[in-house]
Amino acid sequence: MRDFTDGSADTGMTTHPVAEMYAAEHKAGKLDRREFLVRSTALGLSAAAAYSLIGASPALADGHRAVPAAGGTLRIQSEVRALKDPRTYDWSQMANVTRGFLEYLIQYNNDGTFEGVLLESWEANDDATVYTLNLRQGITWNNGDAFTAEDVAANVTGWCDSTVEGNSMATRMGGLVDADTGVIREGGVEIVDDYTVRVTFPAPDITLVPGLADYPAAVQHRDFIGTNPADHGVGTGAYEITEYEVGVQATLSRKEGHTYWRDTYLDELVFVDLGQDPAAWFAGAEADEFDMTYETVGEFVDLFDAIGWNRTEVITAATVVVRPNQNNAPYDDVRVRRAIQMAVDNEVCMVLGINGQGVVAENHHVCPIHPEYAELPPLVHDPAGAQALLEESGHADFEFELVSIDDDYRKNTTDAVAAQLRDAGFNVTRTIIPGSTFWNDWTTYPFSSTNWNHRELGVQVLNLAYRSGVPWNESGFANEEFDTLLTEANGIVDADARRVVMARLEAIMQEEGVTLQPYWRSLFNHTRPGVVNGHMHTKFEINVHYLGFEA
Amino acid sequence: MGAFILRRTGVMILTALCLTLVVFFLTNLFPNLEKLAKTQGNARMSDAEVVSWLDRNGYGGPMLVRYGEWLGVMPGWTREDAETGVITGRCIDFGMDAADAPVRCGLLQGDLGFSTVSDEDVGNVLPRRLMLTLKLMAYAFGLMVPAALLIGVLAGMREGSRLDRTLSTLSIASTATPEYVSGVIFIVLFASTTAGVSGMLTEWGWLGDGGWLGDRRTLFLGSARSAMTDITFWNFTLPVTTIALYGMGYIARMTRASMAEVMTAQYIRTARLKGVSFRNIVLKHALRNALIAPFTVIMLQFPWLLTGVVIVETLFNYNGFGWTMVQAASNNDIELLLACSIVAVFVVLLTQLISDIGYVFLNPRIRIS
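What counts as what
Residues numbered from 1 in each chain as written. Chains lettered and ligands numbered in written order. Predicted model: local features only at pLDDT ≥ 70, side-chain atom pairs only at ≥ 80, totals over all residues. Heavy atoms only, no water. Helix = DSSP H or I, 4+ residues; strand = E, 2+ residues; numbered from the N terminus. Buried < 20%, exposed > 50% of the residue type's maximum accessible area, 1.4 Å probe, protein only. Contact = heavy atoms within 4.5 Å. Areas by Shrake-Rupley, 256 points an atom, 1.4 Å probe, with all protein chains shown as cover. Lys, Arg positive; Asp, Glu negative; His and termini not counted. Charge placed at Lys NZ, Arg CZ, Asp CG, Glu CD. Rg over C-alpha atoms; globule rule 2.2 N^0.38 Å. Polar contact = N/O pair within 3.5 Å; in protein donor to acceptor, adjacent residues only side chain to side chain. Core = buried A, V, L, I, M, F, W, Y, C linked by side-chain atoms within 4.5 Å. Buried area = accessible area lost by both parts, 1.4 Å probe. Salt bridge = Lys/Arg side-chain N within 4 Å of Asp/Glu carboxyl O. Pairing = 2+ DSSP bridges. Axes fitted to C-alpha atoms, helices over the stretch in contact; angles between N-to-C directions. 1 Å grid on protein atoms, 1.4 Å probe; cavity = no way out; pocket = protein on both sides within 12 Å on 5 of 7 lines; lining within 4 Å. Points joined across faces, edges and corners; volume = space filled by probe spheres on them. Parallel < 35°, antiparallel > 145°, perpendicular 65-115°, else oblique. Nonpolar A, V, L, I, M, F, W, Y, C, P; charged D, E, K, R; others polar.

## Details of the overall build of chain B
Argument step 1. Within chain B, the secondary structure is distributed over 14 helices and four strands.
Argument step 2. Projected onto its principal axes, the C-alpha positions of chain B cover 90 × 65 × 30 Å.
Argument step 3. Counting every position in chain B, which comprises 369 residues, the buried fraction comes to 45%.
Argument step 4. The contacts of chain B with a sequence gap of at least 6 include a subset with a gap of at least 24, amounting to 65%.
Argument step 5. Accessible surface computed for chain B: about 18500 Å², of which carbon and sulfur atoms make up 65%.
Argument step 6. Looking at charge distribution, chain B has the averaged site of its 29 positive side-chain charges lying 21 Å from that of its 27 negative ones.

Written out as structure tokens, the structure reads:
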């Protein structure tokens, strides 16, 4: 590999031939800046190097963040859930607390770039089967041990262990997991030297980097893989848990006697749990219980604005799907599923569901901000056609039961879908299930709505949710052509080439009427004036090391 | 008397047994266990993973045996991992050697079990939360009882007067307004920057920066979280008033009825005819006899307040006993719920016992046999 960035601010970083190609594409106008950044940083370029390839300067100063004043206690409204083995985390809130001491190899930024945290840099080979991870040197664990390649290898091995219940990292590791044994395949991870680790996939895989940046990928000490971090408290970060009362609050304080490898500002952070009701959060804000919301939803965005808090917004690939489950009649009939899609105007769902705070989507769960997004002909809203199609299928008398969780936007969106279906002549009953029990059967409800978080690449969510037989396949979709094409797309580094396959994948999603996916959500949060770096993150990440107050 | 207390204690234990068995049965229905597994394991676990999780964590055996384990009459479950050979069990704490662990660990051994939602021993969680609720109830009682008695006596001393009608109407209105209504009304009126009086006060400069009522933005706080560490007039008034108001009307009505009855008694008439002043009749002759009936009512308010705190603590985000019960129920936290029900049985029957015994002392005509 040729060193491309020699002489730039980031000496020593190597670029990737494909990244050079991306840069050419970007300059030719075929690739917008965000897409270019996502793709080239996923291949191992630092954000600065990527920017330099296209002759641009980064939008923000070094590290993309403002520098707050040192000291202070910041209170964040966030659910405080019982901690467990990070691999099995199912809530970003858990990771936000442990991020104070359990850091990540790589982080994902709002501008679509990947940035090394515990990694100095990483490179992929030409066909994206071999990744070389270069560790940042001079990092120590707070028990005094040095952070070395052994830690990384132990974590990768742990992430690939699909025999651990609820280990969602195993899905993210893809081909590294041996399908027969359920653990890491032989030779999957090698320690090259103290600060270099090589990961080898059997087939091309471009989702490793986003997977490493995801919230269950917290890096534990090599001796504590599979344990609850709250029990041992060993990590590389600057903080330690000094108080943890589930459902009430958690406190992180700066760890005495531990030298953190970079600057950090706050002395103490408090995570204040005010339950799941946004009205309670608002009451808490008025009663001065916290300085920053985890997320602000729906009408509360305007309410928080009204009391003088600062709003931050990020457009994401987070969404709600209202999906029929094809294992249940009559949803096994493609005509019924198509009829559902035709009967619903996605824009109406967006306006009624989230006050129009988002972008209209096209029922294929690939977002325009995904690099491989292919534009398809616009959807047709045709209630009359839907009714005709439903009658043709012979299910016109069927009583459709549409299930949703009892909350704000998911319930409203599902209500909007139900209302439009009724207008088109469907016989619909709505069932609303409380949040505490909804998730018991979320993959098996015959017809229900589910929220999906943002993912960095279009193929990722298709792999998680629509491949035949995967655990989170809630639509019961099983299509051989789709699976084959998806496997093919997973190995195409070149985004234009991948887009060709992607166009077909998106078309299959629409033709098969797999899911009703009306919009992409913008995410908001609010901070009290004076809070620095409390910007909403695409993936609900809060990195406590960056937070602080204005001087 | 001794036999009476003994018998009551027996009834208390029997009731607690029955209630916990019912709670145990309901929380151990399979859908509830499934919910537990998913909240503890992973929200998106598959069915096979759920079964394996339940089995591994000791929820697999017959229900009655597990109830026995919880009581401490049956040996706690143990399980050896087939691959690693590590022995886990009900009585083996994190990091403890299996050989050192006790055989039984249940209620009889003083072990209330483990709260899955709090990730802590129930014995640690519950006292802390009960303490908070005790504070809330103490303040609520301190406000409710004197105010209710005063209203009741004032209303009852001249039955049918304008004062009586006014106070009676007020007490009926307060009894007819449940906590979830009055609490919300209070929050809107006194603890919102956009509605109610706070906006006006801020405009006048009474609130906000440099205001003489404090630099808060609202008159009272709509969230009692800060009261958990530091009770102030501004953060505790709304929850206390919300609880007190509901019970106040009821006690006042009882006191009024009792007072009105006493005021028509022969000896009061005699006192009047003798020329005793009205003030002395009320304070020296009527009051003592009129307060016997409200005493029982007041004692019975205790268990009933337990339901009140569930709503108020959730509404005002005060993490006490009531809030804990809601959390435990919605997360199917079996052992925490069981401990909560024991506390509830204890509170109900103990206050009844006190009220029965107290009644004997207040009213010499009653004998306990």
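## Considerations on the overall build of chain A
Argument step 1. What chain A contains, in helices and strands, is 18 helices and 19 strands.
Argument step 2. Computed over the C-alpha atoms, the radius of gyration of chain A is 23 Å, within 12% of the 24 Å expected from 2.2 N^0.38 for a compact globule of 551 residues.
Argument step 3. Classification of the 551 residues of chain A by burial places 63% in the buried group.
Argument step 4. Look at the contacts in chain A between residues 6 or more apart in sequence, and 70% of them connect residues 24 or more apart.
Argument step 5. For chain A, the accessible area works out to roughly 18900 Å², and carbon and sulfur atoms hold 49% of it.
Argument step 6. Charge centroids of chain A, computed over 37 positive and 83 negative side chains, lie 2 Å from each other.

## Structural notes on the environment of Gln109 of chain B
All names here are of chain B.
Argument step 1. Structurally, Gln109 can be placed in the loop between strand 2 (87-89) and strand 3 (114-115).
Argument step 2. The class of Gln109 is partly exposed, set by a relative accessible area of 40%.
Argument step 3. Taking the C-alpha atoms as reference, Gln109 lies 8.4 Å from Leu71; in sequence the two are 38 residues apart.
Argument step 4. Excluding residues within four positions of it along the chain, Gln109 makes contact with Leu71, Gly72 and Arg104.
Argument step 5. Of the polar contacts made by the side chain of Gln109, one reaches the backbone nitrogen of Gly106; its length is 2.8 Å.

## Focus: the nonpolar core
For soluble globular proteins, the rule of thumb is that nonpolar side chains tend to be buried together.
Argument step 1. Judged by nonpolar contacts, the single largest core of 141 residues is most densely connected at Leu105, Leu269 and Leu462 of chain A.
Argument step 2. Here the element with the most residues in this core is helix 14 (residues 334-362) of chain B; it accounts for seven residues.
Argument step 3. With near-sequence residues (within four places) excluded, Leu269 of chain A lies in contact with Leu74, Ile76, Tyr239, Ala250, Thr251, Leu252, Val544 and Leu547 of chain A.
Argument step 4. In this structure, Phe220, Phe236, Val297 and Val309 of chain B belong to the second largest nonpolar core, which totals 36 residues.

## Here we look at the interface of chain A and chain B
Argument step 1. The interface of chain A with chain B comprises 35 residues on the first partner and 37 residues on the second.
Argument step 2. Buried area between chain A and chain B, both sides added, is near 2800 Å², and the carbon and sulfur share of it is 44%.
Argument step 3. Looking at the side of chain A facing chain B, the largest losses of area belong to Glu165, Glu286 and Asn440 of chain A, adding up to 23% of the total buried there.
Argument step 4. In this structure, the connection of chain A to chain B is made through two salt bridges.
Argument step 5. A salt bridge links Glu245 of chain A to Arg128 of chain B; the nearest nitrogen and oxygen atoms lie 3.0 Å apart.

## Here's the deal with helix 4 (residues 63-71) of chain B
Residues and elements named next belong to chain B.
Argument step 1. Taken as a whole, helix 4 has its buried residues at Arg66, Tyr67, Gly68, Glu69, Trp70 and Leu71.
Argument step 2. Considering only its buried residues, helix 4 is in contact with helix 1 (2-27) and helix 14.
Argument step 3. Among the residues trailing helix 4, Gly72 stands out with phi positive, at a value near 95 degrees.

## Here we look at the sheet that holds strand 6 (residues 189-193) of chain A
Residues and elements named next belong to chain A.
Argument step 1. The four strands are arranged 4-5-7-6 in an open sheet whose pairing can be described as antiparallel. With partners counted over all chains shown, the strands left at the sheet margins are strand 4 (119-124) and strand 6, one partner each. Between one strand axis and the next, the sheet turns through 20 degrees on average, direction left out of account.
Argument step 2. Two strands pair when backbone bridges link them, and strand 6 and strand 7 (residues 196-200) are joined in this way by four bridges, in the antiparallel orientation.

## Notes on the layout of surface pockets
Residues and elements named next belong to chain A.
Argument step 1. For the second largest pocket, the calculated volume is near 970 Å³.
Argument step 2. Along its surface, the second largest pocket is lined by 37 residues, and Ala170, Thr171, Arg172, Gly174 and Val470 are the ones closest to its centre.
Argument step 3. For the lining of the second largest pocket, the secondary-structure elements that each account for two or more residues are helix 6 (169-172), helix 16 (458-465) and helix 17 (480-490).

## What about unusual backbone geometry?
Argument step 1. Residue Ala329 of chain A is joined to Pro330 of chain A through a cis peptide bond whose omega torsion reads 0 degrees.
Argument step 2. Mapping Pro330 of chain A onto the fold places it in the loop between strand 12 (310-324) and helix 11 (334-343).
Argument step 3. A positive phi angle, close to 60 degrees, is found at His365 of chain A, a residue other than glycine.
Argument step 4. Positionally, His365 of chain A belongs in the loop between strand 13 (358-360) and helix 13 (383-393).
Argument step 5. In this structure, Asp119 of chain B is a non-glycine residue whose phi angle is positive, near 60 degrees.
Argument step 6. Among the structural elements, Asp119 of chain B can be located in the loop between strand 3 and strand 4 (120-121).

## Details of the packing of helix 5 (residues 122-157) of chain B against helix 13 (residues 321-330) of chain B
Residue and element names in this part refer to chain B.
Argument step 1. Remark: helix 5 packs on helix 13, axes separated minimally by 7 Å, with the N-to-C direction vectors making an angle of 135 degrees. In terms of orientation, helix 5 and helix 13 fall into the oblique class. Residue-level contacts link Leu126, Arg129, Leu130 and Thr133 of helix 5 to Phe321, Gly322, Trp323 and Thr324 of helix 13.

## With respect to empty space enclosed by the protein
Residues and elements named next belong to chain A.
Argument step 1. One pass over the structure, following the stated rule, counts six cavities of 30 Å³ or more.
Argument step 2. Approximately 100 Å³ is the volume found for the largest cavity.
Argument step 3. If you go around the largest cavity, the residues you meet are Tyr22, Val38, Arg39, Ala42, Leu43, Tyr131, Ile206, Pro371, Leu457, Val493 and Arg498.
Argument step 4. Here the lining of the largest cavity gets three residues from one element, more than from any other, and that element is helix 2 (residues 33-42).
Argument step 5. The residue inventory of the lining of the largest cavity, partitioned by class, reads nine nonpolar, no polar and two charged.

## So, the side chain of Asp205 of chain A
Residue and element names in this part refer to chain A.
Argument step 1. Summarising the element assignment, Asp205 is placed in the loop between strand 7 and helix 7 (208-212).
Argument step 2. A polar atom in the side chain of Asp205 sits 2.7 Å from the backbone nitrogen of Thr207.
Argument step 3. Apart from the residues within four sequence positions on either side, Asp205 is in contact with Ala128, Tyr131, Met173, Gly174, Gly175 and Asn490.

## Observations regarding the pattern of salt bridges
All names here are of chain A.
Argument step 1. Taken as a whole and assessed by the stated rule, the structure comprises 38 salt bridges over all chains.
Argument step 2. Ionic pairing is found between Arg337 and Glu512, a salt bridge with its closest N-O pair at 3.1 Å. Of this pair, Arg337 sits in helix 11 while Glu512 sits in the loop between helix 18 (495-511) and strand 17 (519-527), and the two are 175 residues apart along the sequence.
Argument step 3. In this structure Arg337 comes out as buried when scored by relative accessible area, which is 3%.
Argument step 4. Several salt bridges share partner residues, and in doing so they unite Arg75, Asp288, Asp291 and Arg528 into one network.

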